[in-house]
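Notes for the structure review
Chain by chain, the residues:
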Amino acid sequence: MAGAAAALFALCASAPLLAQDKPAATAAAAMPAAKPAVAAKSAAAPAKMVLPGKVTSVEGITEYKLANGLRVLLFPDPSKPTVTVNVTYLVGSRHENYGETGMAHLLEHLVFKGTPKNPGIDKEFNKRGMRTNGSTWLDRTNYFELFQASDDNLKWAIEMEADRMVNSFIAKKDLDSEMTVVRNEMERGENAPFSVLLKRMQSIAYDWHNYGNSIIGNRSDVENVKIENLQAFYRQYYQPDNAVLLVAGKFDESRTLAWIQASFGKLPKPKRELPRLWTVEPTQDGERSFMVRRKGDIQIVALGYKVPSALHSDSDAVGFINFMLTDSPTGRLHKALVETGKAAQIAGFPLAGMDSTLHLIAAIVKKGEAIEPVQAEMTRIVEEFYKNPPTAEELSRARKSFANDSEKVLNNHESIGVQMSEYIALGDWRLFFEARDAAESMTGERIKDVAAKYYRRDNRIVGQFQPEDNPQRAELPPAPTAADVLKDFKGKQATSTAEAFDPSQANIDTRTKRTVVDGIKVAMLAKKNRGETVNLSVSLHMGDEQSLFGKRAIARLAGAMLSRGTTRFTREQLADEFDKLKISGGVSGTTASLQTTREHLTAAIKLVAHVMKEPSFPDNEFIQLKKQQITGIESQKSDPAARGRERQSLHFNTYPKGDWRAAASLDESIAEIDKVTLADIKSFHRDFYGAAVAEIAIVGDFDEVAATKAIGESFAGWKARQPYQRVVSEFKEIAAVNEAIETPDKENAVFLARLNVNMRDDDADYPALYLANYILGGGAGLNSRLAERIRQKEGLSYGVGSQLNVGSLDRAGSWSVYAIAAPQNVAKVEAAFKDELGRALKDGFLPAEIAAAKSGALQQRLQQRAQDGVLAGNWTGLLYTNRTFAFSKQFEDKIAALKAEDLMSAMKKHLDPAKVTIIKAGDFGKATKATAK
């Protein structure tokens, strides 16, 4: 999902816009993992093999082309011991025919079902600890794997992708079993207000173009599609001349090229010609409106404007306009609507596409408040933007934000593969760099001209049709070719270097300097990174059980207010300061987690300390925050997942109301927030914030002496008035219940199961239960027992998994299971869950399952240790518990030594089916009526 789109969807608590499948493997544990296995011996290139020819190179990325038309991008980066393999196919919902909407997305599901040579792709992913995913969009479909760098893993991934490019089963039996899963995904989107709104916006905005169809497709099309149509669609578009393969990370280029040539090079160049799409959407001749009426708890008003193709030069200015209008807290709409209390939040994003697409802008309005003034003010500000061209400050801020975003992508090979798919879909990957460079020369006059062309009344979606003698139409220019856009583009050369870092626990402990600065425990691990990036993690501790009683809502609001203004900076100025210092991440209450660069680290440390120590608590920001939080909670009142979690947390609550550990209902949470005053927050910060008990970790490219000095100058001597004593969580046996909660007019339902576990992470049983949970549903992805049964075999749920939560200090763990499904299928999900848990307790696990789980779990943990941000966060936890990464190594050694009987013993001791509480939430009444018919 594109970043802006993701932000708006999170805002609206909605389902993903893109049809994102194959959930990435969950991070295995807070403590990173074992030593990587010895890499397999490199396969030699076949004799006299003709390697792919080099096409071009920009900033460390080199393009090659095979004789059959496959384009290959190699981006070597030794800074992390991981590799990303990403395949982008130039086919998306735009290429679907009448009656075949959703076919590109449905095909994405089926390509994961295997080939004759690789019938169990999911099992192989699990064994190798690979994080995998796929997504479908307007103009492309992509698949990627992220894994521990080794010749064996990389060679297998290349061979597998070449194999499933042309040999996937695409079988009727797989289509039948996957149909309920796809329906479930549709239903999840139907539960989300903005997802429904966007679907309507697309369909009303377009008369003829396929961009008017939702990615997931029309339900009747998906349900009635013929397997022969899917097979023909697959053979047409899944071919080497319609794909781009990207390999990024730590690998040997010559060996990798040889493997690519050996695997993909043998695929014949297709003789067919790809269909030429010629539909051009006519100029819109008047404003359009629509209304969605469904049960819900928030109001949304959205505007849509047709804008040019992402290939057109005007699209660069559209991106600037979106930022200047919708950014929080600096955007014009935020200031006009959120800061004045008319709306709770603002967001927007252009739907980037090969052809002319939409720019969407939305506002969330609290239920019961007037929405018409918000719509009117939004429309006025957007359509009069050209009358108020951007200021020098707005232009500078936007340029800096875009430059920082581009830099972060290039500094992380694990994200660049997926990001590059969007530019590949437009015709050429180098468009990423062209767009970045074009942003540097953007002018206010250019933005003004573009705003005047497209943000006009008769190009608006929202409003009513009215006769007009002089329509104000927006003529959209044709999309240029990628070659035209790039004719004067000159690529820059990469300048940054990085070391090949060994993420073994022993090396981490050896390389980390641990010290104490005025009582603050500090861990510093210096290493050379691409882009000289460095991660900082800060953790403060406050209060005790008695002093914190009744102050949970106050504490949360106080923490959320820290970044909304300080004694030196307004919220807007603070956001600018973060951009100036290239800081991503930020401060949240008593913790800070951020990334910056070597030259900015000391200033970042001082800024974080300033934000934590000297907030100004502006009254207007406090009013905004309370409204946003209350509106956010109210939006969950009819959501099955939120209602299910609410009931589950209240059932397992054993603490009195007001206790720091006590659970609260949605209504109680709203009431707690509503009664908090600004004086409460100021008093809480004065009494509870301080660094008397604190941990700070720094991982990356930095100067240790300067960093230590900055910590001392910034945090030393800062003490809270209230003393700190850890609030202890207690284990309690909770009687099991099985309850169903009605959430009317919701097409998706949720299944939740949980029991408490009397365990700590240094218990003898923990490694065995950890691995058992991994196999049941915790980390093995779609190859887990629960996913294999509930999603793969029975096709009941789009998402299902289990989680084991066990801490380092308290014996108050829990084991839980989560699944979504159509309401009429929840009973089947429950039966399958009980059956799989019973089967595991009765028969245990097969040796092959255990071996694959060990391999996958340990590789996933190693991948986590390769992330500097995760590593910094882990160090703060280890410092607090007086541990080092030696504990992680000991834990993984215990995992490696586990036997089947160890897992069986741990499960029998801790996973008693009779103690499992089950909560279900959905529109079961409607499902019962439908079944009766």
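A brief structural summary. Nothing here was measured: the structure is a model prediction, and the numbers come from that model.

A closer look at the overall build of the chain
Along the chain, the regular secondary structure elements total 34 helices and 23 strands. For 933 residues, the compact-globule estimate of 2.2 N^0.38 gives 30 Å, and the C-alpha radius of gyration of the chain, at 27 Å, lies within 12% of that figure. Principal-axis analysis of the C-alpha atoms places the extent of the chain at approximately 70 × 70 × 65 Å. Expressed as a percentage of its 933 residues, the buried residues of the chain come to 59%.

A word on the nonpolar core
Within the largest apolar cluster, 58 residues are counted, with the highest numbers of intra-cluster contacts made by I698 and F715. Among the elements that make up this core, the one with the highest residue count is helix 21 (residues 601-613) (eight residues). The contacts of F715, once residues within four sequence positions are left out, are I520, V538, I605, V608, A609, M612, A691 and I696. Counting 52 residues, the second-largest nonpolar core is a separate cluster that includes F147, W156, V225 and L230.

Looking at the sheet that holds strand 15 (residues 533-540)
Adjacent strands of a sheet form backbone hydrogen bonds with each other and so pair up, either parallel or antiparallel. Overall, mixed pairing links the six strands, which are arranged 13-14-18-15-17-16 in an open sheet. Looking along the sheet, the strands with just one partner apiece sit at the ends: strand 13 (512-517) and strand 16 (584-588). Here the strands of the sheet are splayed against their neighbours by 15° on average, with no regard to which way each runs. Summarising the sheet, strand 14 (residues 520-526) and strand 18 (residues 694-700) pair through six bridges and their orientation is parallel. Counted as the bridge partner of A523 is A697 from strand 18. The strands that helix 21 touches are strand 15, strand 16, strand 17 (591-597) and strand 18; relative to strand 17, the one it contacts most, it runs at about 155°.

Some points on the sheet that holds strand 19 (residues 738-742)
Taken together, the five strands give an open sheet; going across it, the order is 19-23-20-22-21, and neighbouring strands pair in mixed fashion. Because the sheet does not close on itself, it has two edges, and the strands there are strand 19 and strand 21 (800-805). Pairwise comparison of adjacent strand axes, ignoring direction, gives a mean angle of 15° for this sheet. Where helix 29 (residues 826-843) meets the sheet, it contacts strand 19, strand 20 (749-757), strand 22 (813-821) and strand 23 (917-922), and its direction lies at approximately 140° from that of strand 22.

Looking at the pattern of salt bridges
Following the criterion strictly, the structure yields 77 salt bridges and no others. Note that D762 and R760 form a salt bridge whose closest N and O atoms lie 2.8 Å from each other. One salt-bridge network, held together by shared partners, links K335, E339, E393, R397, E572 and D576.

With respect to the packing of aromatic side chains
For the structure shown, the criterion picks out 23 aromatic pairs. Judged by centre distance (4.4 Å) and plane angle (15°), the rings of F684 and F688 are stacked. Separated by four residues within a single helix, F684 and F688 lie in helix 25 (residues 678-688), roughly one turn from each other. Note on F684: relative accessible area 2%, which makes it buried. Considering the side-chain rings of Y766 and Y770, the 6.0 Å spacing of their centres and the 65° angle between planes classify their relative orientation as edge-to-face. Residue Y766 and its partner Y770 are located together in helix 27 (residues 766-778), separated by four residues, close to a single helical turn. The two residues Y766 and Y770 agree in class, both being buried. Members of the aromatic cluster, connected to one another through ring pairs, are Y89, F112, Y143, Y234 and Y238. Against the face of F112 rests R164, its NZ or CZ located 4.8 Å from the ring centre. For R332, the ring lying beneath its charged end belongs to F385, and the centroid distance is 4.3 Å.

Comments concerning the packing of helix 27 against helix 32 (residues 885-896)
As a packed pair, helix 27 and helix 32 sit with axes 9 Å apart at the nearest point and diverge in direction by 65°. One finds that helix 27 runs roughly perpendicular with respect to helix 32. Like other packed secondary-structure pairs, helix 27 and helix 32 cross with a definite hand, here right-handed. Across the interface between the two elements, Y766, P767, Y770 and L771 from helix 27 touch F891, K894 and I895 from helix 32. Taken together, the residues that form the contact of helix 27 with helix 32 break down as six nonpolar, no polar and one charged.

Brief notes about the environment of V462
Take V462: it is sitting in the loop between strand 12 (460-461) and helix 17 (482-485). Among the residues examined, V462 registers a relative accessible area of 9% and is labelled buried. Taking the C-alpha atoms as reference, V462 lies 8.9 Å from Q375; in sequence the two are 87 residues apart. Apart from the residues lying within four places of it in its own chain, the contact partners of V462 are E287, R288, S289, A302, L303 and Q375.

Examining the packing of helix 10 (residues 314-326) against helix 13 (residues 392-410)
The contact between helix 10 and helix 13 brings their axes to 10 Å, and the two run at 110°. Considering their axes alone, helix 10 and helix 13 lie roughly perpendicular with respect to each other. For the pair helix 10 and helix 13, the contacting residues are G319, F320, F323 and M324 in the first and E394, L395, R397, A398, R399, S401 and F402 in the second. Here the contact of helix 10 with helix 13 is built from residues that sort into six nonpolar, two polar and three charged.

Focus on unusual backbone geometry
Cis rather than trans, the peptide bond between S328 and P329 has omega equal to 15°. Topologically, P329 is positioned in the loop between helix 10 and helix 11 (332-338). With a phi close to 45°, I170 is a non-glycine residue in the positive phi region. Within the fold, I170 resides in the loop between helix 4 (151-167) and helix 5 (172-190). By relative accessible area, I170 is classed as buried at 2%. Phi at D518 is positive, roughly 50°, even though this residue is not glycine. Of note, D518 is situated in the loop between strand 13 and strand 14. What makes D518 partly exposed here is its relative accessible area of 40%.

Remarks on the pairing of strand 23
Within strand 23, six of the six residues are buried, which leaves the element mostly enclosed by the surrounding structure. Residues T917, I919 and A921 of strand 23 are buried on one face, and the alternating residues I918, K920 and G922, pointing to the opposite face, are buried as well. Two strands pair when backbone bridges link them, and strand 19 and strand 23 are joined in this way by five bridges, in the parallel orientation. Its bridge partner lying in strand 23, I741 is registered against A921.

Focus: the side chain of E178
The topology assignment puts E178 in helix 5. By relative accessible area, which is 1% here, E178 ends up buried. Only 3.1 Å separates the side chain of E178 from the side chain of R791, close enough to count as a polar contact. Dropping the residues within four chain positions of it, E178 is found in contact with H109, L110, K113, R791 and Q792.

Thoughts on the environment of S547
Mapped onto the elements of the fold, S547 is located in the loop between strand 15 and helix 19 (552-561). You can call S547 buried: its relative accessible area is 12%. Taking the C-alpha atoms as reference points, S547 and D176, 371 residues apart in sequence, are found 58 Å from one another. Each residue touching S547, except ones within four places of it in the same chain, is listed here: F688 and Q722.

Here's the deal with the pairing of strand 14
Within strand 14, five of the seven residues are buried, leaving the element largely enclosed by the surrounding structure. Hairpin geometry of strand 13 and strand 14 is characterised by an intervening segment of two residues between the two adjacent antiparallel strands and by a positive phi of about 50° at D518.

Rules behind the numbers
Residues numbered from 1 in each chain as written. Predicted model: local features only at pLDDT ≥ 70, side-chain atom pairs only at ≥ 80, totals over all residues. Heavy atoms only, no water. Helix = DSSP H or I, 4+ residues; strand = E, 2+ residues; numbered from the N terminus. Rg over C-alpha atoms; globule rule 2.2 N^0.38 Å. Buried < 20%, exposed > 50% of the residue type's maximum accessible area, 1.4 Å probe, protein only. Core = buried A, V, L, I, M, F, W, Y, C linked by side-chain atoms within 4.5 Å. Contact = heavy atoms within 4.5 Å. Pairing = 2+ DSSP bridges. Axes fitted to C-alpha atoms, helices over the stretch in contact; angles between N-to-C directions. Salt bridge = Lys/Arg side-chain N within 4 Å of Asp/Glu carboxyl O. Phe/Tyr/Trp six-rings, centres within 6.5 Å; stacked < 30°, edge-to-face > 60°. Lys NZ or Arg CZ within 6 Å of the ring centre and 35° of its normal. Parallel < 35°, antiparallel > 145°, perpendicular 65-115°, else oblique. Left-handed = near helix turned anticlockwise from the far one by under 90°. Nonpolar A, V, L, I, M, F, W, Y, C, P; charged D, E, K, R; others polar. Polar contact = N/O pair within 3.5 Å; in protein donor to acceptor, adjacent residues only side chain to side chain.

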